[in-house]
Amino acid sequence: MGDGAVTEQYRQALEVAHRHAAGWLDTLADRPIRPEVDVDGVRARLDGVLPEEGRDPVAVVEELAAASADGLMAMGSPRFYGFVIGGTYPAALAADWLVTAWDQNTGSRQPTPATAAVEEVAATWLLDLLGLPAESGVGFVTGGTMANFSCLVAARDAVLRRAGADPAAGIQAGPALRFLAGDAVHTSMVLAGRLAGLGAPRTVGADDQGRIDVAGLERALGAATGPAIVALQAGDVHSGAFDDFAAAVAVAHRAGAWVHVDGAFGLWAAASPRLQHLVRGMADADSWATDAHKTLNVPYDCGVAIVRDEPAMTAALGAHAAYLPSVESISDPYDRTPELSRRARGVPVWAALRSLGRQGVARLVDGLTDAATALAAGFAGIPGLEVLNDVPFTQVCLAAPDDGATAALGDWLRAEGTVWASSSTWRGRTVVRFAVSNHGTDAEAVRRTVDVVARGAAALGIGER
Ligand SMILES: *Cc1c(COP(=O)(O)O)cnc(C)c1O
């Protein structure tokens, strides 16, 4: 560029963005978690015909910030318990900004040595932390769903090839594929199966916490022959439960099936010496999906697809064209993800891991679990309320005596604004589900959360009936 005026435009626009970003982060501790205005309200400020002429960058950023401010959900607050998503660590957020400014298309190694190297280090550290085979292929994708999808595509092609079929001919040309999962399979896994051409998984049962029924799995696998893929789960979104990997992987492997683990948030239990027992036997699977934008607290969008048999991964996901540079002996990033062009989304993962260290990641995961345990204990002391799940990890499902009261409590809490938790249905009952995923959810956040839930229950007359 070399043009001082142009550089000055970037600097000014980034400064305005920086000011608004810092302002937003400053409000997180005290503002209501819920947005103050709905989609239509924000649209009303921005709607209108596409302007014929543009505006200068500073004015554009100002306009965007002004139109959006009260339409933002404080998802980074330590009292946001929605979905299973958390905040972002300072190092990860800042690294993500650099990734954007650097604007490196990190699909192939050679043209972008810096970001490719940082991602390779992040991948190596992840495998180490999560106790997964060091030879595994790692792809940085947009999220857990694409990680599940990427792993299923690798699985699909590998089991087809093992059955003597040519994956390039498509699944319609090969033998029938079986795709099996427990009854509590996440909707993301169902979508991934459909995207991969496997259809929704056939479910084989689950126990009261959502753990796959291993005997049911064995029966289902024994009922037919031919290539099979089994999806297991580390961390049920309602109960936080983990499948019995040691038993289920052994049963699946005896039947020649590929075993995939959806560990969008639960895979991180492996990084804690205290919680590792939850994932015993998990490393014997064939592929694993996780999110960094959940438990690790990096910005969206960042999922991780991990496949033990790296050549199987690159055979399924790799792209080959004369103009795409590659180094023969080492696969390129685009060989391990569905994308060709993409941002260097593994860089914030490196930054989060570098700023935490091994001990810091263990403390993070332990801290989320401790906060969930403390929430459950606090809720149990509120008259009329009941925690329905066992709480081995980060998820707490809260219920009043009847579904109507539980639904009303969820609405009351979200409107009150001190906390935000999703309403859901679990085991036939309406629940308010608290997913602890933010590194900042400390004892004070737990105290304020229990306090506001108690106030909500009292306001609604729960416990007096
Ligand atoms: C969140 C989640 C997913 C999907 O991850 P995204 O990043 O939202 O695509 C899949 N499985 C489980 C268990 C999850 O909690």
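Keep in mind that what you see is a predicted model, and the values were worked out from it rather than measured. All residue numbers here refer to positions counted from 1 along the written sequence of the relevant chain. With pLDDT at 70 or above as the cut-off, local features in this predicted model cover only qualifying residues; side-chain atom pairs require 80 or more to be listed or tallied, and sums for whole chains, interfaces and linings still use all residues. Hydrogens and water molecules were not included; the side-chain quantities draw on all heavy atoms of the structure.

1. Points about the overall build of the protein chain
Secondary structure elements are defined from DSSP: runs of H or I of at least 4 residues count as helices, runs of E of at least 2 residues count as strands, and each element is numbered from the N terminus. From N to C terminus, the protein chain includes 13 helices and 11 strands. Seen along its three principal axes, the alpha-carbon backbone of the protein chain occupies a region of about 70 × 60 × 45 Å. Buried, partly exposed and exposed residues are distinguished by accessible area as a fraction of the type maximum, computed with a 1.4 Å probe on protein chains only: under 20%, between the cut-offs, and over 50%, respectively. A buried classification covers 51% of the 465 residues belonging to the protein chain. The contact definition used throughout considers only heavy atoms, calling two residues in contact when any of these lie within 4.5 Å. In the protein chain, once contacts between residues fewer than 6 apart in sequence are set aside, the share between residues at least 24 apart is 72%. Every accessible area reported is derived by Shrake-Rupley at a probe size of 1.4 Å, with residue values counting cover from the shown protein chains alone. By element, 56% of the accessible surface of the protein chain is carried by carbon and sulfur atoms, the whole surface being about 20000 Å². None of His or the chain ends enter the tally, which takes Lys and Arg as positive and Asp and Glu as negative. Charge placement uses NZ in Lys and CZ in Arg. For Asp and Glu, CG and CD serve respectively. When the 37 basic and 54 acidic side-chain charges of the protein chain are each reduced to a single mean position, those positions are 4 Å apart.

2. Description of the side chain of H293
By secondary structure assignment, the location of H293 is in the loop between strand 6 (287-291) and strand 7 (303-307). Take H293: its relative accessible area is 9%, and that puts it in the buried class. Engagement of the side chain of H293 in a polar contact is seen with the side chain of D291, the distance being 3.0 Å. Side-chain polar atoms of H293 contact the backbone nitrogen of C302, separated by 3.0 Å. Setting aside its immediate chain neighbours within four residues, H293 contacts G86, T142, G143, V298, P299, Y300, D301 and C302. Any pair of N or O atoms that falls within 3.5 Å is considered a polar contact. Within protein, one atom must be able to donate a hydrogen and the other to accept it, and sequence-neighbouring residues count only if both atoms are side-chain atoms.

3. Regarding the packing of helix 4 (residues 90-102) against helix 11 (residues 347-380)
Fitted lines through C-alpha atoms serve as axes, helices being fitted only where they are in contact, and the angles separating the N-to-C directions of these axes extend from 0 to 180 degrees. Where helix 4 meets helix 11, the closest approach of the two axes is 8 Å, and the angle between their N-to-C directions is 150°. Classified by the interaxial angle, the pair formed by helix 4 and helix 11 is roughly antiparallel. Note that helix 4 runs across helix 11; the crossing there is right-handed. Where helix 4 approaches helix 11, its residues A91, A92, A95, D96 and V99 are matched on the opposing element by V347, P348, A351, A352 and S355. In terms of residue class, the contact of helix 4 with helix 11 is built from 8 nonpolar, 1 polar and 1 charged. When describing relative orientation, an angle under 35 degrees is termed roughly parallel and one over 145 degrees roughly antiparallel, while 65 to 115 degrees is termed roughly perpendicular and anything else oblique. By convention the crossing between two helices is left-handed if the near helix lies anticlockwise of the far one by an angle smaller than a right angle, and right-handed if it lies clockwise. In this count, Pro and Cys sit with the nonpolar residues alongside Ala, Val, Leu, Ile, Met, Phe, Trp and Tyr, while Asp, Glu, Lys and Arg are called charged and the others, Gly among them, polar.

4. Some details on helix 11
Expected helix span is taken as 1.5 Å per residue step, with the number of steps being one fewer than the number of residues. With 34 residues, helix 11 ought to run about 50 Å at 1.5 Å a step, yet its terminal C-alpha atoms sit only 41 Å apart, falling short of that. At G357, helix 11 is bent by approximately 95°, the largest bend along its length. Throughout, bend refers to the angle between the axes fitted to the seven residues that end at a position and the seven residues that start at it.

5. Some points on the site of the ligand
Around the ligand, a shell composed of 14 residues is seen, among which G144, T145, D262, D291 and K294 lie nearest. Considering the ligand on its own, with 380 Å² of exposed area, one finds that the protein chains cover 84% of that surface. At 3 residues, helix 6 (residues 144-162) tops the list of elements feeding residues into the shell around the ligand. For this description, a residue counts as near a given molecule or strand if any of its non-hydrogen atoms is within 4 Å of it.

6. Considerations on the sheet that holds strand 5 (residues 258-262)
Within the open sheet, the 7 strands sit side by side as 1-7-6-5-4-2-3. Their pairing is mixed. Because the sheet does not close on itself, it has two edges, and the strands there are strand 1 (137-141) and strand 3 (202-203). The strands touched by helix 10 (residues 310-317) within the sheet are strand 1 and strand 7, with strand 1 carrying the most contacts at an inclination of about 40°. Pairing between strands is defined by DSSP: at least two bridges between them are needed.

7. Focus on the UniProt feature "modified residue: N6-(pyridoxal phosphate)lysine" (unreviewed entry) in the protein chain
UniProt positions are given in the numbering used here, feature names are shortened, and annotations may be inferred rather than shown by experiment. Those residues carrying the UniProt feature "modified residue: N6-(pyridoxal phosphate)lysine" (unreviewed entry) are K294 in this numbering. Counting through the fold element by element, K294 comes out in the loop between strand 6 and strand 7. Residue classification places K294 among the buried positions, given a relative accessible area of 13%. Residue contacts for K294: discarding those within four places in its chain leaves V84, I85, G86, A264, F265 and S437.

8. Things to note about the pairing of strand 9 (residues 395-399)
For strand 9, the tally of buried residues reaches 5 of 5 residues, placing the bulk of the element in the interior. Neither face of strand 9 is open: one carries Q395, C397 and A399, the other V396 and L398, and all of them are buried. Two elements, strand 8 (residues 386-387) and strand 9, share 2 bridges in a ladder whose sense is antiparallel. Paired with V387 across the bridge in strand 9 is L398. For strand 9 and strand 11 (residues 429-435), the ladder comprises 4 bridges, and the chain directions are antiparallel. Looking across to strand 11, one finds that V396 is bridged to F434.

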